Amino acid sequence: MIFAVEEINNNPDLLPNFTLGYLAADTCLAESTTLLAAMAMVTGQEVHLANSECGSVPTVPVIVGDARTSASIVVANTLGVFDVPMVSYLASCMCLSDKRRYPLFFRTMPSDAAQAWAMAELLQLMGWTWVGLVSADDDYGRFGIQMLMEALEGTEVCVDYHEVIPKNYPKMKMQRIVETIQKSTARAVVTFLIDQDAKALFEEVVLQNVTDKQWIANEAWITYSIVSTPRNIPSLAGTIGFAMRKADIPGVGAFLTRLNPSLSSPDSDPFIKELWEALFGCSLSAAHGGTMCSGSEVIGVGESLYTDVSQPRITYNVYKAVYAIAHAIKDMLACEPGRGPFLQGRCPDVRRLQPVQIAHYLREVNFTTPLKEWMNFDENGDPPASYDIINWHVTPQGTIEFVNVGHFVSSQGSDGQFHIDMDRVVWGESNKQVPVSVCSSPCPPGTRKAVQRGRPVCCFDCLPCAEGEISNQTGSLECIRCPNRFWSSSNRTVCVRQQVDFLSYNDTMGIVLTVISAIGAALTAATFATFLYHRHTPLVRANNSEVSFMLLLSLKLCFLCSLAFIGEPVAWSCKLRHTLFGISFVLCISCLLSRTVVVLVAFRSTLPGENLMRYVGPAQQRFGISICTLLQVLICVLWLTLAPPQPAERDIVDHWGPKIILECAMGSVVGFSLVLGYIGLLACLSLLLAFLARKLPDNFNEAKLITFSMLIFCAVWVAFVPAYISSPGKYTVAVEIFAILASSYGLLFCIFAPKCFIILLRPEKNTKKQLMAR
């Protein structure tokens, strides 16, 4: 402070023809003595005023101080009655920004709110989501932690514990606090402590050999050399925290080296005497005993805490406080009469400075310090926040070096508020890897967080995403549903296009079914050719060759209709496959039913003169087959008109993974049921009649063949229903094709195989005599 006052007085451009004076008092680290000293200054009751040219003890219009938050609160509350402003250089409690309680309080030390915000940013940047808190049992610690907790709201950072360091440092209490820190799984520990509290805490930390914690320091002790001793290196190496901005003030070192008690009497400056005796361990007065100081001792800059200007942080805040007052006075001197800020445009009386007037101009100061830093006070009396980020490095000599690895600024014109050079940061004594401090490890891609009941949100389990959902980032809160036609990969990290599945001609199953269908059609065609070639033989003529050819034609359609079920379902194929299937089988069953009726009527007509055969002649058979078939055609037309089958997609998951099944939706279940039901009705009726005619006398009884064929037909389609329902994907279509082919082959072989055998291999039996014989 004295250096800054002398520098200002020696500057002809700042306050020309105006000299600053000062009073200095030792607060003795107690609120009571601080308040007494301040009251004496502002009331003119200072007992001792050495080497003064004022003639009388003046009243001090503005106070620089105090360093401590608690003392600043006491003094600000009291001096507020006298309207005396004060400019603190170290009190950082957010509470002092309340202008309703402390309207005349200013400071060059940033508020703890800025430091708390910077700490919250640091925790998030490093990924430390599980932390412990340690604070001092005073306003500084309480308000600092409160600000930090508010800054952490809405973030993913959780607090495992909060310990408060008592002021008298009881041994049992300190041991318990350190044991809590050591047992916690939170590796990062955030502190809001003054230097003495930090010293007491780390003495116990070292005693209990706590070496695996990452300490985040506040500005009060991050550059405190008494804490950064070689003894504390195993526990505190790699500490990171925030310090007031470092500034190299030109001339301070030289000013300190010029101090000498021989150049001024102890009465002129009592602080020099006290400083001298503390630095050199001697006494300037014989009355005190001990080694006498020779007076020729030389202060070496950097040798002790008092003369170390390598970390001028608090020093720079004091420097700025004095310059802020000087610039307020400069603005007062520049006031033009009649245009002043007070009543009726009056200017302040600079010959008799009034505290209220100085406070008014302090609010308006806006200047650049000799170190080219912009300085002003906001509406709360706070300066722009400016911190250095300090990291403790261990030197080869085994000492701690305070290394600046970043900065935090909130001044106008700054590009960013928070910056840190991670390449320069060291964790522990030499580790470059960021320590991990989390309650639960981040959930990997493919999983999501599930909060553990009764625990903070930072403690969670990692649950795999459900099928069809993914998470492609670490620490995802929710899984994302894959879009249509996509599905989650096996590790649930990406959405992959779903496999489109249908029974195609390229599938092995599709090829096999196509070949079987073609063989069946070829065999039917061969049978048709055989019957056509031998149409004049008794066997062909006896079986109503016209109906036989019609039956063979319908069987060929049955074989060929199965091909419509293979391939990608489209609108026309969906309509064709079911209608062709329904009409072909009805035509086939109608032919069999007609032949069964003819056989039954022929052998049941036993009464003399009874000629029932005239009712079942060829014309009647054609009419009956046409009527039965047209009824099925009508059902299919209504089905296709009202609710036709349409291509559809269905998602399924089998042991090969998720698929999109392309299939033909029935459109109308009633329509499909009527088509199948009508076929079943004709089949059952044909089976019943054939069963009744199975023992009729004849060398060649076709009723038996029809009975066997219909038994196979009915057995196939009864088994088809459960198989169709339970088959997945394209196998549903395969089951339907298999039922069509199996029933068609059953009809072809049961009815026509015996006849072809006689026609081709036993032509001697293909005579009328053989057919009529019993």
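Residues numbered from 1 in each chain as written. Predicted model: local features only at pLDDT ≥ 70, side-chain atom pairs only at ≥ 80, totals over all residues. Heavy atoms only, no water.

**Points about the overall build of the protein chain**
Secondary structure summary: the protein chain contains 21 helices and 22 strands in total. Of the accessible surface of the protein chain, which amounts to about 37500 Å², a share of 58% is contributed by carbon and sulfur atoms. (Helix = DSSP H or I, 4+ residues; strand = E, 2+ residues; numbered from the N terminus. Areas by Shrake-Rupley, 256 points an atom, 1.4 Å probe, with all protein chains shown as cover.)

**Overview of the packing of helix H11 (residues 314-333) against helix H12 (residues 355-364)**
Where H11 meets H12, the closest approach of the two axes is 9 Å, and the angle between their N-to-C directions is 105°. The pairing of H11 with H12 is recorded here as roughly perpendicular in orientation. The segment H11 lies against H12, with Ala 324, Ile 325, Ala 328, Asp 331 and Met 332 engaging Gln 357, Ile 358, Tyr 361 and Leu 362. (Axes fitted to C-alpha atoms, helices over the stretch in contact; angles between N-to-C directions. Parallel < 35°, antiparallel > 145°, perpendicular 65-115°, else oblique. Contact = heavy atoms within 4.5 Å.)

**So, helix H4 (residues 112-126)**
In a regular helix each residue adds 1.5 Å, so 15 residues correspond to 21 Å; H4 covers 21 Å between its end C-alpha atoms and thus fits that length. Within the sequence span of H4, burial applies to Asp 112, Ala 114, Gln 115, Ala 116, Ala 118, Met 119, Ala 120, Leu 122, Leu 123 and Met 126. Looking one or two places after H4, you find Gly 127, whose phi comes out positive at around 75°. (Expected span 1.5 Å × (residues − 1). Buried < 20%, exposed > 50% of the residue type's maximum accessible area, 1.4 Å probe, protein only.)

**Considering the nonpolar core**
Ranked by size, the top nonpolar core spans 63 residues in total, and within it Met 710, Phe 713 and Trp 717 carry the most contacts. For this core, the secondary-structure elements that each account for two or more residues are helix H13 (508-533), helix H14 (538-542), helix H15 (545-561), helix H16 (571-604), helix H17 (618-642), helix H18 (669-692), helix H19 (702-726) and helix H20 (730-761). Top element by residues in this core is H20. It accounts for 15 residues. For Trp 717, the residues in contact, after removing those within four places along its chain, are Phe 581, Phe 585, Leu 676, Ala 739, Ile 740 and Ser 743. Membership of the second largest hydrophobic core comes to 43 residues, among which are Ile 249, Val 252, Leu 256 and Tyr 316. (Core = buried A, V, L, I, M, F, W, Y, C linked by side-chain atoms within 4.5 Å.)

**Observations regarding the pattern of salt bridges**
Tallied over the full model, the rule gives 16 salt bridges. Where Lys 167 meets Asp 138, a salt bridge forms, and the shortest distance between an N and an O atom there is 2.9 Å. Taken together, the positions of Lys 167 in the loop between strand S5 (158-165) and helix H6 (171-183) and Asp 138 in the loop between strand S4 (130-136) and helix H5 (139-152) put the pair 29 residues apart, joining distant regions of the chain. You can call Lys 167 partly exposed: its relative accessible area is 35%. Between Lys 199 and Glu 203 there is a salt bridge, and its shortest N-O distance comes to 2.9 Å. Of this pair, Lys 199 and Glu 203 both sit in helix H7 (residues 195-207), four residues apart, which is roughly one turn of the helix. According to the relative accessible area criterion, Lys 199 is partly exposed, its value standing at 29%. Here the residues in one salt-bridge network are Asp 137, Asp 139 and Arg 142, joined through shared partners. (Salt bridge = Lys/Arg side-chain N within 4 Å of Asp/Glu carboxyl O.)

**Some thoughts on a nonpolar patch on the surface**
On the surface, a nonpolar cluster with roughly 410 Å² of combined accessible area is contributed by Ile 511, Val 515, Ile 519, Leu 523 and Phe 749. Counting residues per element, the nonpolar patch draws most heavily on H13, which supplies four residues. Considering the arrangement of structural elements, one finds Leu 523 in helix H13. (Patch = residues over 30% accessible without salt bridge, like charges linked within 9 Å, V, L, I, M, F, W, Y side chains within 5 Å.)

**Quick look at the sheet that holds strand S7 (residues 214-217)**
The strand order across the open sheet built from eight strands is S5-S4-S6-S7-S8-S11-S12-S13, with neighbouring strands paired in mixed fashion. Of all the strands in the sheet, just S5 and strand S13 (418-420) have a single pairing partner and so form its edges. Each adjacent strand pair in this sheet contributes to an overall mean axis angle of 25°, direction not counted. In terms of strand pairing, strand S6 (residues 188-192) meets S7 through three bridges, oriented parallel. Its bridge partner being in S7, Val 189 is matched across the sheet by Trp 215. The strands touched by H6 are S4, S5, S6 and S7; relative to S5, the strand with the most contacts, the crossing angle is about 165°. (Pairing = 2+ DSSP bridges.)

**Here we look at the environment of Trp 392**
Its location among the elements puts Trp 392 in strand S11 (residues 386-394). On the basis of relative accessible area, Trp 392 is assigned to the buried category, the value being 1%. Taking the C-alpha atoms as reference points, Trp 392 and Ile 240, 152 residues apart in sequence, are found 6.5 Å from one another. Setting aside its immediate chain neighbours within four residues, Trp 392 contacts Trp 221, Ile 222, Val 227, Ser 228, Leu 236, Ala 237, Gly 238, Thr 239, Ile 400, Glu 401, Phe 402 and Gly 428. Polar side-chain contacts of Trp 392 include one of 2.8 Å to the backbone oxygen of Ile 222. (Polar contact = N/O pair within 3.5 Å; in protein donor to acceptor, adjacent residues only side chain to side chain.)

**Details of the side chain of Glu 219**
Within the secondary structure, Glu 219 is located in the loop between S7 and helix H8 (233-236). Arg 107 is the oppositely charged side chain nearest to the buried, salt-bridge-free Glu 219, at an N-O distance of 9.2 Å. Among all residues touching Glu 219, those that are not within four sequence positions of it are Leu 90, Ser 92, Met 109, Asp 112, Gln 115, Tyr 140, Phe 242, Ala 243, Met 244 and Tyr 387. (Lys, Arg positive; Asp, Glu negative; His and termini not counted.)

**A short note on the side chain of Gln 115**
Here Gln 115 lies in helix H4. We classify Gln 115 as buried; its relative accessible area is 0%. The contacts of Gln 115, once residues within four sequence positions are left out, are Tyr 140, Phe 192, Asn 218, Glu 219, Phe 242 and Tyr 387.

**So, the state of the cysteines**
Throughout the structure, instances matching the rule amount to nine disulfides. Shown here is the disulfide that connects Cys 93 with Cys 95, its sulfur atoms set 2.4 Å apart. Looking down the S-S bond of the Cys 93 and Cys 95 bridge, the torsion is 135°, so its handedness is right-handed. Disulfide pairing is shown between Cys 158 and Cys 458; the S-S distance is 2.0 Å. Handedness of the Cys 158-Cys 458 disulfide follows from its S-S torsion of about 85°: it is right-handed. Note that Cys 158 is positioned in strand S5 and Cys 458 in the loop between strand S14 (447-451) and strand S15 (460-464), a separation of 300 residues in sequence. Here Cys 158 matches Cys 458 in class, with each residue buried. Unpaired in this structure, Cys 558 has its nearest cysteine sulfur neighbour in Cys 588, at a distance of 5.1 Å. When its relative accessible area of 0% is taken as the criterion, Cys 558 is described as buried. (Disulfide = S-S within 2.5 Å.)

**Brief notes about the environment of Ser 294**
Here Ser 294 is to be found in the loop between helix H10 (270-280) and H11. The exposure class assigned to Ser 294 is exposed, which follows from its relative accessible area of 56%. As a C-alpha pair, Ser 294 and Leu 284 span 10 residues in sequence and 8.1 Å in three-dimensional space.

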